[in-house]
Amino acid sequence: SYPGYTTDTAYGSEKSFTTLTATPTPTVTPTPVCEVESMSVSPKRLMLKRGKIREVTVTLHGKDDCLPEGKIVNVTINKVGNKLISVTPTSQATDVNGTVKFTITAMNKIGNARVAFETASLKRLLTVKVRR
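Model, not experiment: these values are computed from the prediction.

### What about the nonpolar core?
In terms of nonpolar packing, the biggest core is built from 24 residues, with I85, I104, V115, F117 and V128 touching the most fellow members. Elements supplying a minimum of two residues to this core: β1 (36-42), β2 (45-49), β3 (53-62), β4 (72-77), β5 (85-88), β7 (99-106), β8 (111-119) and β9 (122-131). Discounting residues that sit within four places of it in the chain, F117 has contacts with M39, V41, V56, V58, V73, N74, V75, F102, L122, K123, R124 and L126.

### So, the environment of G81
Structurally, G81 can be placed in the loop between β4 and β5. We classify G81 as buried; its relative accessible area is 0%. Along the sequence, G81 and A106 sit 25 residues apart, while their C-alpha atoms lie 9.8 Å from each other.

### With respect to the state of the cysteines
If you walk through the whole model with that rule in mind, you get 1 disulfide. Across the disulfide, C34 is cross-linked to C66 (sulfur-sulfur distance 1.9 Å). Where C34 bonds to C66 through sulfur, the torsion about that S-S bond is close to 85°, and the disulfide is right-handed. Of the two residues, C34 is situated in the segment before β1 and C66 in the loop between β3 and β4; the sequence distance between them amounts to 32 residues. Judged by relative accessible area, which is 10%, C34 ranks as buried. On the basis of relative accessibility, which here comes to 24%, the residue C66 falls in the partly exposed class.

### Describing the environment of N78
Relative to the helices and strands, N78 resides in the loop between β4 and β5. Take N78: its relative accessible area is 28%, and that puts it in the partly exposed class. Separated by 37 residues in sequence, N78 and V115 place their C-alpha atoms 6.6 Å apart.

### A short note on the side chain of T99
Inspection of the secondary structure puts T99 in strand β7. Residue classification places T99 among the buried residues on the basis of a relative accessible area of 17%. Apart from the residues lying within four places of it in its own chain, the contact partners of T99 are T57, V58, T59 and T94.

### Considerations on unusual backbone geometry
For the peptide bond that leads from S42 to P43, omega is 0°, which places it in the cis range. Mapped onto the fold, P43 is located in the loop between β1 and β2. Of note, the bond from T88 into P89 is cis; its omega dihedral lies within 30 degrees of zero at -15°. The topology assignment puts P89 in the loop between β5 and β6 (91-93). Phi angles above zero are rare outside glycine, and D65 is one such case at about 65°. Its location among the elements puts D65 in the loop between β3 and β4. The class for D65 is exposed, based on a relative accessible area of 73%. The backbone phi angle of A120 is positive, close to 50°, even though this residue is not glycine. A relative accessible area of 83% places A120 in the exposed class.

What counts as what
Residues numbered from 1 in each chain as written. Predicted model: local features only at pLDDT ≥ 70, side-chain atom pairs only at ≥ 80, totals over all residues. Heavy atoms only, no water. Core = buried A, V, L, I, M, F, W, Y, C linked by side-chain atoms within 4.5 Å. Buried < 20%, exposed > 50% of the residue type's maximum accessible area, 1.4 Å probe, protein only. Helix = DSSP H or I, 4+ residues; strand = E, 2+ residues; numbered from the N terminus. Contact = heavy atoms within 4.5 Å. Disulfide = S-S within 2.5 Å.

Following this line, the structure appears as C-alpha cells:
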C-alpha cells in the first residue's frame, strides 16, 4: 500500500465512450508563380477616324506556357497623343488567359499618338493614327 492512496473500489453502471479520429491539417499546395516572358498587342497598328472606337487586346505570355492571370497592365499615352485619343481603363489585371482589353477612342483632332502598354519590365508601343 502507498501512503495517500486508497484501495476503495467504486461501483456503478458501466459507461463507454468513443474517441474521435483527429482531423488532419490540410496541406496547402502553393500555386506556382507564372513568370511573364513576353507581351503582345493586337492589332499592332491602329488607324481610327475621328470619333471612332476600337478595342485593343494585350496578351501576356508566361514562361513554360503558363497563363499569367492577375498581372497588372498599365497604359500611358504620349503628351501629343493625349489630345488625340483616350484609353480606358488606364490599368487593368489580366484574366485567366493572360489577356486584357482596352478601348481606344479617337477625339476630334488628327495626328499620331503613341500608347505604351507596360507590365513588370515589359513594354509594348502602339501607334494610333487618327484621321478624318
